[in-house]
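# Tertiary structure, described
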Amino acid sequence: MELRQLRYFMAVADELHFGRAAQKLHMSQPPLSVQIGRLEREVGTSLFDRSTRRVQLTPAGRHLQERARRILDEVDTVRADMRDYVEGLAGQLSVGFVSSANYTVLPDVVQLFRSRSAKIALTLVPLTSGEQLERVRDGTLDIGIVRDEDPAADHASSIPLTAEVVFEERLVACLPIGHPLAQRTEVTVDEIVEVPMISYPRSLMPGFVDRVTDALSTAPHPMNVVEEVVHQETALGFVAAGVGASILPESVRQLIPASIAVVPLAGAPKTRLLAVRQTRATGDARGTAFIECLREAAASSGVLNG
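Here the structure is a predicted model, which means the values were calculated and not measured.

## Looking at the overall build of the chain
- Within the chain, the regular secondary structure consists of ten helices and eleven strands.
- The globule rule puts the C-alpha radius of gyration for 306 residues at 19 Å, and the 32 Å found for the chain is more than 25% above it.
- Seen through its principal axes, the chain has C-alpha atoms that stretch 105 × 40 × 30 Å.
- Here the chain, with 306 residues, has 44% of them falling under the buried criterion.
- For the chain, the proportion of contacts with a sequence separation of at least 24, taken over those separated by at least 6, is 74%.
- A gap of 14 Å separates the mean positions of the 32 positive and 38 negative side-chain charges of the chain.

Quick look at the structure:
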């Protein structure tokens, strides 16, 4: 039994007239009658009662009409879904993100993307930048929203990645509210390196750790790291407890309790969020649609990419 035969059958079943059905199918009546006869022989029973005056469905014909309508509707749905998939309007998309993206672009981009691409199942995965780069390379993430990473720096990988800067913001010093530098309008790198520092493991956040190190590179000596943590919320907990200071993106202000002061670094060094995906995937319409929404969300969030 072929789909073509079912469509021929449904045309006759709907019209109850071979001539009109043939006209509807843009074919002549004799080949249509031949196809219906073949279908009847295949199912082993008559589907129509024919007379010179009218055509009627037999009980078997009515049963097949119900089944065939569901089958053909499902085929049409699959065809439409595949067309949407090819055009990037349906399917799945997995996106990783650093926690700090929660306070800048992520809420807006998710809302915008889901409003425009309702047929795409969006999965969000919170990960560090280093974890995201690994998973984008192995294909378990489509896109990573990372901080200060340079995917081209990993010369050992055979999977090239493409990165686009989508958001920039200042680096700031987070200090206990009672610290002498806490009331300043800005703090120099020479001053901040004298404060014990809460930092991050470079293995998980190489780009951000290197960015902070570079921002403090003109100081007389490296920063004194007394704790390494994975999450900025943990870093702020240590700062609030008076253990030391931490250098973080300015969007962290949304998390700051009254026990912490946020002071910009002199020279206004910047930190960047980047969208990363495999270079060979840049033609994927789903990822492209998400990154377009990411650009729009970033543009409405404040500091834009330069």
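## Points about empty space enclosed by the protein
- As enumerated under the stated definition, the model contains one cavity of 30 Å³ or more in all.
- Computed from the structure, the largest cavity encloses a volume of approximately 70 Å³.
- Elements supplying a minimum of two residues to the lining of the largest cavity: β7 (197–199), α8 (206–215) and β9 (246–249).
- Classifying every residue of the lining of the largest cavity by side-chain character gives eight nonpolar, two polar and no charged.

## What to know about the packing of aromatic side chains
- All told, the structure shown has four aromatic pairs when counted by the stated rule.
- Look at F9 and F48: their rings are 5.4 Å apart centre to centre, the planes differ by 45°, and that puts the pair in the tilted class. With F9 in helix α1 (residues 3–15) and F48 in strand β1 (residues 48–50), the pair connects residues that are 39 residues apart, well separated along the chain.
- A relative accessible area of 0% places F9 in the buried class.
- Under the relative-accessibility criterion, F48 is labelled buried at 2%.
- Plain terms: the ring middles of F113 and F290 are 5.4 Å apart, the flat faces sit at 70° to each other, and that makes the pair edge-to-face. Of this pair, F113 sits in helix α5 (residues 106–116) while F290 sits in helix α10 (residues 285–301), and the two are 177 residues apart along the sequence. In this structure, F113 and F290 share a single accessibility class: buried.

## What about the environment of G130?
- Structurally, the position occupied by G130 is in helix α6 (residues 129–138).
- Taking the relative accessible area as the measure of exposure, G130 reaches 11% and is therefore buried.
- For the pair G130 and P151, spaced 21 residues apart in sequence, the C-alpha separation works out to 9.8 Å.
- Sequence-distant contacts of G130, defined by excluding residues within four places in its chain, comprise E149, L204 and P206.

## Side note on the environment of Y8
- Structurally, Y8 is set in helix α1.
- Looking at Y8, the relative accessible area reads 14%, which means it is buried.
- Measuring from C-alpha to C-alpha, the distance between Y8 and L171 comes to 69 Å, with 163 residues separating the pair along the chain.
- Sequence-distant contacts of Y8, that is, excluding residues within four places in its chain, are made with L25, M27, L32, Q35 and I36.

Procedures and definitions
Residues numbered from 1 in each chain as written. Predicted model: local features only at pLDDT ≥ 70, side-chain atom pairs only at ≥ 80, totals over all residues. Heavy atoms only, no water. Helix = DSSP H or I, 4+ residues; strand = E, 2+ residues; numbered from the N terminus. Rg over C-alpha atoms; globule rule 2.2 N^0.38 Å. Buried < 20%, exposed > 50% of the residue type's maximum accessible area, 1.4 Å probe, protein only. Contact = heavy atoms within 4.5 Å. Lys, Arg positive; Asp, Glu negative; His and termini not counted. Charge placed at Lys NZ, Arg CZ, Asp CG, Glu CD. 1 Å grid on protein atoms, 1.4 Å probe; cavity = no way out; pocket = protein on both sides within 12 Å on 5 of 7 lines; lining within 4 Å. Points joined across faces, edges and corners; volume = space filled by probe spheres on them. Nonpolar A, V, L, I, M, F, W, Y, C, P; charged D, E, K, R; others polar. Phe/Tyr/Trp six-rings, centres within 6.5 Å; stacked < 30°, edge-to-face > 60°.

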